[in-house]
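Below are the chains, spelled out letter by letter.
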Amino acid sequence: MSEPAKQEAPKPEENNTAAADFTKYKTAADIVNNVLKKLVSLCVEGAKVIDLCVEGDKLIEQGTGAVYNKSVKGVKVSKGIAFPTCVSVNNAVAHFSPLASDPSASQTLAKGDVVKLHLGAHIDGFAAVSAETVVVGATPQEPVTGRKADVVQAAWVAAEVAMRLVKVGNKNWQVTDAVQKVAAAFGCKPVEGMLSCQQTQNVIDGKKRIILNPSETQKKDFETVTFAENEVWGIDILISSGEDGKARLEESRTTIYQKESTVTYQLKMKTSRAVFSEVQKKAGAFPFNIRCLEDEKRARLGLQEAVQHNLVKPYEVIFTPAGTFVAAFHFTIALLPGGPALITHPPVWYKPELVKSEKQLEDPELKELLTKPLRESKKAKKKTKAEGDEANAEA
């Protein structure tokens, strides 16, 4: 079992905007990490899911509100929530963040619950999004075992493999295939059709993407892409203990939406126009929770027309079958000229002594990959180059 990749922040090339942008990404990531530390400590038996979601969003706003407050050329730096706090439990895959008026608002955490925490912050549109899995009440003396351990360990090992495969020159399918292999080693499946996307300023769902466990149709239609220098990616690893990784909609109201930047449409209803204008002002290009809008009832009504005409897209709450568990890790990574660099921090909660699966990864290639650092040191690079030169000379 490999330890979380420890990494020093690389020093990006000075005197260019990439260095300034990377600093904004890292500042957002530090805020996200502090919020996750607090939320992990609050994931105890009896905690209300809605309280965790509200607290997470409040802490992101506070954290981003304390930095970058000087105007640049007379313009305020935009900052805030890049992904609203979601707390999805057991077989809920993602995007669960209820409103006080929702029937599910009374949900509380129980001992042994598999809890996915997912949130993001941005500075000037440069977003750091992170997710991790916590099992309520687990300790080194009473670690997680059985299927819960299988799924959590599979998700973390898959995340560690993925962060080593998202590198310049590799292709998206290499990540898809490796995550599938890791999940299989633990008797699990990646959640079907889940996407990881390239990010740019004000965009967390770029056109270059990676898909997990695609159906035959998805496989046919999905574009092959190659990772390139200076790209930033948000990698979302979601693993299910179910047989096929399929998930479906259930009785749970969608609360998270996002403005579609590529669609234009003149809304007809006055309410819709007012709500859409409020969304643009408060969330800009990033996903938002209806909770942040002034009038929840009016917001639901106004969003209907916007969703119908694809001006706004819903982040639906989906579930794997009852009795199964989903574990998730999400990280943001930059492909800098000096090599890959994790923007977000390693997980707050996950430690090998807390999760004891009886299964393990056997694939020799993937095991070998896990022993490697994210980026080669300069010495290792020189050595490889020297060996290559020697081999050429001998040939």
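Residues numbered from 1 in each chain as written. Predicted model: local features only at pLDDT ≥ 70, side-chain atom pairs only at ≥ 80, totals over all residues. Heavy atoms only, no water.

### Brief notes about the overall build of the chain
Looking only at helices and strands, the chain has nine helices and 14 strands in total. Taking 2.2 N^0.38 as the reference for a compact globule, 395 residues should give roughly 21 Å; the C-alpha atoms of the chain span a radius of gyration of 21 Å, in line with that estimate. Taken along its principal axes, the extent of the C-alpha atoms in the chain is 75 × 55 × 40 Å. Counting every position in the chain, which comprises 395 residues, the buried fraction comes to 52%. Within the chain, contacts between residues separated by at least 24 positions form 78% of all contacts whose residues are at least 6 apart in sequence. A total accessible area of about 18900 Å² is found for the chain, and carbon and sulfur atoms account for 52% of it. Side-chain charges in the chain split into 52 positive and 49 negative, and the spacing between the mean points of these groups amounts to 5 Å. (Helix = DSSP H or I, 4+ residues; strand = E, 2+ residues; numbered from the N terminus. Rg over C-alpha atoms; globule rule 2.2 N^0.38 Å. Buried < 20%, exposed > 50% of the residue type's maximum accessible area, 1.4 Å probe, protein only. Contact = heavy atoms within 4.5 Å. Areas by Shrake-Rupley, 256 points an atom, 1.4 Å probe, with all protein chains shown as cover. Lys, Arg positive; Asp, Glu negative; His and termini not counted. Charge placed at Lys NZ, Arg CZ, Asp CG, Glu CD.)

### Thoughts on helix H4 (residues 172-185)
Here H4 contains 14 residues, and its C-alpha end-to-end distance of 21 Å stays within 8% of the 20 Å for a straight helix at 1.5 Å per residue. For H4, every residue scored as buried is listed here: Asn-172, Trp-173, Val-175, Thr-176, Ala-178, Val-179, Val-182 and Ala-183. Along its buried surface, H4 packs onto helix H3 (146-165), strand E4 (189-190), strand E6 (209-211), helix H5 (216-221), strand E7 (232-240) and helix H8 (364-370). Looking one or two residues past H4, Gly-187 carries a phi angle of roughly 70 degrees, positive in sign. (Expected span 1.5 Å × (residues − 1).)

### With respect to the packing of H3 against H4
Relative to each other, H3 and H4 sit at 155 degrees, their axes nearing to 9 Å. Between H3 and H4, the interaxial angle falls into the category roughly antiparallel. For the pair H3 and H4, the crossing hand works out as right-handed. From H3, Ala-154, Val-157, Ala-158, Val-161, Ala-162 and Leu-165 reach across to H4, where they touch Gln-174, Val-175, Ala-178, Val-179, Val-182 and Ala-183. Counted by class, the contact of H3 with H4 contains eleven nonpolar, one polar and no charged residues. (Axes fitted to C-alpha atoms, helices over the stretch in contact; angles between N-to-C directions. Parallel < 35°, antiparallel > 145°, perpendicular 65-115°, else oblique. Left-handed = near helix turned anticlockwise from the far one by under 90°. Nonpolar A, V, L, I, M, F, W, Y, C, P; charged D, E, K, R; others polar.)

### Digging into unusual backbone geometry
Glycine aside, a negative phi is what most residues show, and trans is what most peptide bonds show. One non-glycine residue, His-95, lies in positive phi territory at about 70 degrees. For His-95, the position within the fold is in the loop between strand E1 (79-89) and strand E2 (114-123). In this structure, Asp-124 takes a positive phi of about 60 degrees despite not being glycine. Inspection of the secondary structure assignment puts Asp-124 in the loop between E2 and strand E3 (126-135).

### Some details on the side chain of Glu-278
Positionally, Glu-278 belongs in helix H6 (residues 270-282). Once residues lying within four places of it in the same chain are set aside, the contact partners of Glu-278 are Cys-292, Leu-293, Glu-294 and Arg-298.

### Focus: the packing of H6 against helix H7 (residues 296-308)
It is at 8 Å that the axes of H6 and H7 come closest, and there the two elements cross at 100 degrees. As far as their axial angle goes, H7 and H6 are roughly perpendicular. Counting all contacts with H6, which are made through Thr-271, Ser-272, Ala-274, Val-275 and Glu-278, the residues of H7 involved are Arg-298, Ala-299, Leu-301, Gly-302, Leu-303 and Glu-305. The residue inventory of the contact of H6 with H7, partitioned by class, reads five nonpolar, three polar and three charged.

### Some details on the confidence of the model for the chain
For the chain, the average pLDDT comes to 92, and 91% of its residues sit at 70 or higher. Note that pLDDT drops below 50 for residues 1-15; the model gives that stretch 33 contacts with residues more than four away or on any other chain. (pLDDT = per-residue confidence, 0-100.)

### So, the pairing of strand E9 (residues 256-259)
On E9, burial covers both faces: Ile-256 and Gln-258 on one face and Tyr-257 and Lys-259 on the other are all buried. Bridge count between E9 and strand E10 (residues 288-289): two bridges; the pairing is antiparallel. Looking across to E10, one finds that Tyr-257 is bridged to Phe-288. Pairing of E9 with strand E11 (residues 312-315) involves four bridges; the strand directions are antiparallel. In the sheet register, Ile-256 faces E11, and the bridge partner there is Tyr-315. (Pairing = 2+ DSSP bridges.)

### Comments concerning the environment of Thr-254
Structurally, Thr-254 is set in the loop between strand E8 (248-249) and E9. Take Thr-254: its relative accessible area is 14%, and that puts it in the buried class. Each C-alpha atom, one on Thr-254 and one on Val-317, is 6.2 Å from the other, the two residues being 63 residues apart in sequence. Contact partners of Thr-254, with chain neighbours within four places excluded, come to Ile-290, Arg-300, Pro-314, Tyr-315, Glu-316 and Val-317.

### A closer look at the pattern of salt bridges
Scanning the entire structure with this criterion turns up 16 salt bridges. Between Lys-58 and Glu-55 there is a salt bridge whose closest N-O contact spans 3.3 Å. Placement of both Lys-58 and Glu-55 in helix H2 (residues 49-65) is noted, with a separation of three residues, approximately one turn of the helix. For Asp-102, the salt bridge goes to Arg-300, with nearest N and O atoms at 3.9 Å. Residue Asp-102 is located in the loop between E1 and E2, and its partner Arg-300 is located in helix H7; the two are separated by 198 residues in the primary sequence. In this pair, the class of Asp-102 matches that of Arg-300, namely buried. Three or more residues joined by partner-sharing salt bridges are found here, namely Asp-102, Arg-253 and Arg-300. (Salt bridge = Lys/Arg side-chain N within 4 Å of Asp/Glu carboxyl O.)

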